[in-house]
Structures are given as C-alpha cells and as structure tokens.
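Listed here are the chains, written in short residue letters.
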Amino acid sequence: MGYRFRDLTAACQDDWRAYIEHDFVRALGAGTLEADAFRHYLQQDYLFLIHFARAYALAAYKSRDLDELRQAFDGLKTILDVELDLHRGFCRDWGISESDLAALPESRATLAYTRYVLDAGSRGDLLDLRIALAPCLVGYGEIAGWLAAQPFTLRGDANPYEPWIAMYEGDDFQAAMRAEIAWLDARLAEVTPARFEQLARLFRDATRLEIDFWQMGLDRAD
Ligand SMILES: Cc1ncc(C[n+]2csc(CCO)c2C)c(N)n1
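Keep in mind that this is a model prediction, so the values were computed, not measured.

A. Here's a closer look at the overall build of the protein chain. When helices and strands are counted, the protein chain shows eleven helices and zero strands. Listing every helix and strand of the protein chain by position from the N terminus yields α-α-α-α-α-α-α-α-α-α-α. Overall, the protein chain is about 50 × 40 × 30 Å in size when its C-alpha atoms are taken along their principal axes. The 222 residues of the protein chain split such that 33% are buried. Contacts in the protein chain between residues far apart in sequence, at least 24 positions, make up 84% of those at least 6 positions apart.

B. Quick peek at the site of the ligand. Taken together, 13 residues lie near the ligand, and Thr78, Cys136, Leu137, Tyr140 and Phe213 sit nearest. Counting only elements with at least two residues in the shell around the ligand, the list comes to helix 4 (35–61), helix 5 (66–93), helix 8 (126–148) and helix 11 (193–219). Partitioned by chemical class, the residues of the shell around the ligand number eight nonpolar, two polar and three charged.

C. Seen up close, the packing of helix 2 (residues 13–20) against helix 11. Interaxial distance between helix 2 and helix 11 falls to 9 Å at its minimum, and their mutual angle equals 30 degrees. In terms of orientation, helix 2 and helix 11 fall into the roughly parallel class. Both helix 2 and helix 11 take part in a crossing whose hand is left-handed. Along its contact with helix 2, which presents Asp15, Trp16, Ala18 and Tyr19, the element helix 11 presents Arg204, Thr207, Arg208, Glu210 and Ile211. Grouping the amino acids of the contact of helix 2 with helix 11 by side-chain chemistry returns four nonpolar, one polar and four charged.

D. Quick peek at the nonpolar core. With 51 residues, the main nonpolar core has Ala55, Leu129, Ala132 and Phe203 as its most contacted residues. It is helix 8 that contributes the most residues to this core, twelve residues altogether. Those residues within four positions of Leu129 in sequence are excluded, and the remaining contacts are Ala55, Leu58, Ala59, Lys62, Ala120, Gly121 and Gly124.

E. Representation of the confidence of the model for the protein chain in the model. Scored by pLDDT, the protein chain has a mean of 96; 100% of the residues are at 70 or more. Scored by ipTM, the complex comes to 0.97, with pTM at 0.97.

F. Representation of helix 7 (residues 108–123) in the model. Its 16 residues give helix 7 an end-to-end C-alpha distance of 22 Å, which sits within 8% of 22 Å, the value for a rise of 1.5 Å per residue. For helix 7, the elements touching its buried residues are helix 4, helix 8 and helix 11.

G. Up close: the UniProt feature "domain: Thiaminase-2/PQQC" (unreviewed entry) in the protein chain. On the UniProt side, "domain: Thiaminase-2/PQQC" (unreviewed entry) is annotated at positions that read residues 13–219 here. Summarising residues 13–219: 81% helix, 0% strand, and an end-to-end C-alpha distance of 24 Å.

About the cut-offs
- Residues numbered from 1 in each chain as written.
- Predicted model: local features only at pLDDT ≥ 70, side-chain atom pairs only at ≥ 80, totals over all residues.
- Helix = DSSP H or I, 4+ residues; strand = E, 2+ residues; numbered from the N terminus.
- Buried ≥ 20, exposed ≤ 12 C-beta atoms within 10 Å, placed from the backbone.
- Contact = placed C-beta atoms within 7 Å.
- Near = placed C-beta within 6 Å.
- Nonpolar A, V, L, I, M, F, W, Y, C, P; charged D, E, K, R; others polar.
- Axes fitted to C-alpha atoms, helices over the stretch in contact; angles between N-to-C directions.
- Parallel < 35°, antiparallel > 145°, perpendicular 65-115°, else oblique.
- Left-handed = near helix turned anticlockwise from the far one by under 90°.
- Core = buried A, V, L, I, M, F, W, Y, C linked by C-beta atoms within 7 Å.
- pLDDT = per-residue confidence, 0-100.
- Expected span 1.5 Å × (residues − 1).
- UniProt positions renumbered as here; feature names shortened; annotations may be inferred.

Dropping the structure here:
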C-alpha cells in the first residue's frame, strides 16, 4: 500500500521507455521525421482528440465533487482550445484542409486506443479512467522534457516540429501534468495491492496503445 504514480511507470518500465523514446519521437526531436509520417499522425490525432474530449466529458460525469468536475472540464477545454489549436496550425502548415479532416477514415490504432480508454472509463470509476488517460497527459509532458535533454534534439526555427516540443515543454502544460500526478498520487496512496494491479494493467495497456499510435504514424498504417 502507499502507492504513487511512479509505481505505475515502474510496473511497465520497458513499455514506458519504448513509448517515451520511440523512433517517431526521436525523429521529431531531430527534425528529421518524414512529412508524410507526421501528416498521417496529425490526421489521426485529430480523430483521437475528438474521442479524448469525450473521455474528459465522461470524467466529468464520473466526478464526485466540484474539484473533480472542474479538472475534467479543464481537460476538455484544453483539448478543444489548446491541443486542437496547435493541431490546426500544423494542418495549415502541412497542407491538410478542413475537408480532408472531415473525410478521414479512422485507423485501427486510433480506434483501439480511444475506445479502450472510453471503455475503461465506462466500466470503471474515475480513477480507472484517469489512469487510462495518464499515459497521454503525463507521457507527452515527459517526452518533451526528455527531448529537451537529448543532444540530437534540434531547437528553434531549424526544426519544423519545434512548436510541438515547445507546447508540451511549456509551463502551462507541465503544470497540468504535475497537478494530475499529484491527484493520482493522493488516490493511489489508498488502494490495495489487488486494486493497484488492476490499475497498473490499465496504465500499461494505454502505454502500449500510445506506442502503437507512434508506430502507426511511422508506418502510415490504416
Ligand atoms: C496519441 C496522442 N497522445 C497524447 C496526446 C496529447 N494529448 C492529447 S489530449 C491531452 C490532454 C489534455 O491536454 C494530451 C496531453 C496526443 N495529442 N495524441
């Protein structure tokens, strides 16, 4: 007992590192990611974000007090106003039109990940849902920090993916990530070993689905 968030990453260390240090991430940092791979990722991420916005709406429904309700609302609002804004900027720069986005077929990796998280949340309680959402929120924050510390990462205008790194490295995003870890730490402190095992499985599955999402981008998989 007395678990913390870091026990979740420790419980799936290999998968967690494979997600954070994925080849897609490395190429993004080095500025060498092929435009087609990024375009495919970007298009699927648009569909992903719509379903993740629904997952935050589900988190609102599963909330038991005003703080939790507000946190869910903030997550939903961040997706709609911040994440999708970054997205729109990239879509403009990479030549993806609104009508391209409207006509997109959903890839298997997008389907699997988003519906997995929604199912975890429908079946379980708010802790299940927020654990299933954690690889997304905490992972992208950790990826930005990891990239910033790598010698191969190219910073500034020379890297077309600089805005991507800068957004997740930024104070607002890092603060949201820390707040989520603090909430998870407080909740995990109270769970039994059997419950922790359940939650660790959810966390590991969502981490594996994040790995598949990167790989889908590299492979342009449908
Ligand atoms: C596959 C995939 N995983 C994570 C994110 C990042 N992200 C999406 S929603 C959200 C929480 C609210 O900001 C975060 C961090 C992404 N864009 N695409």
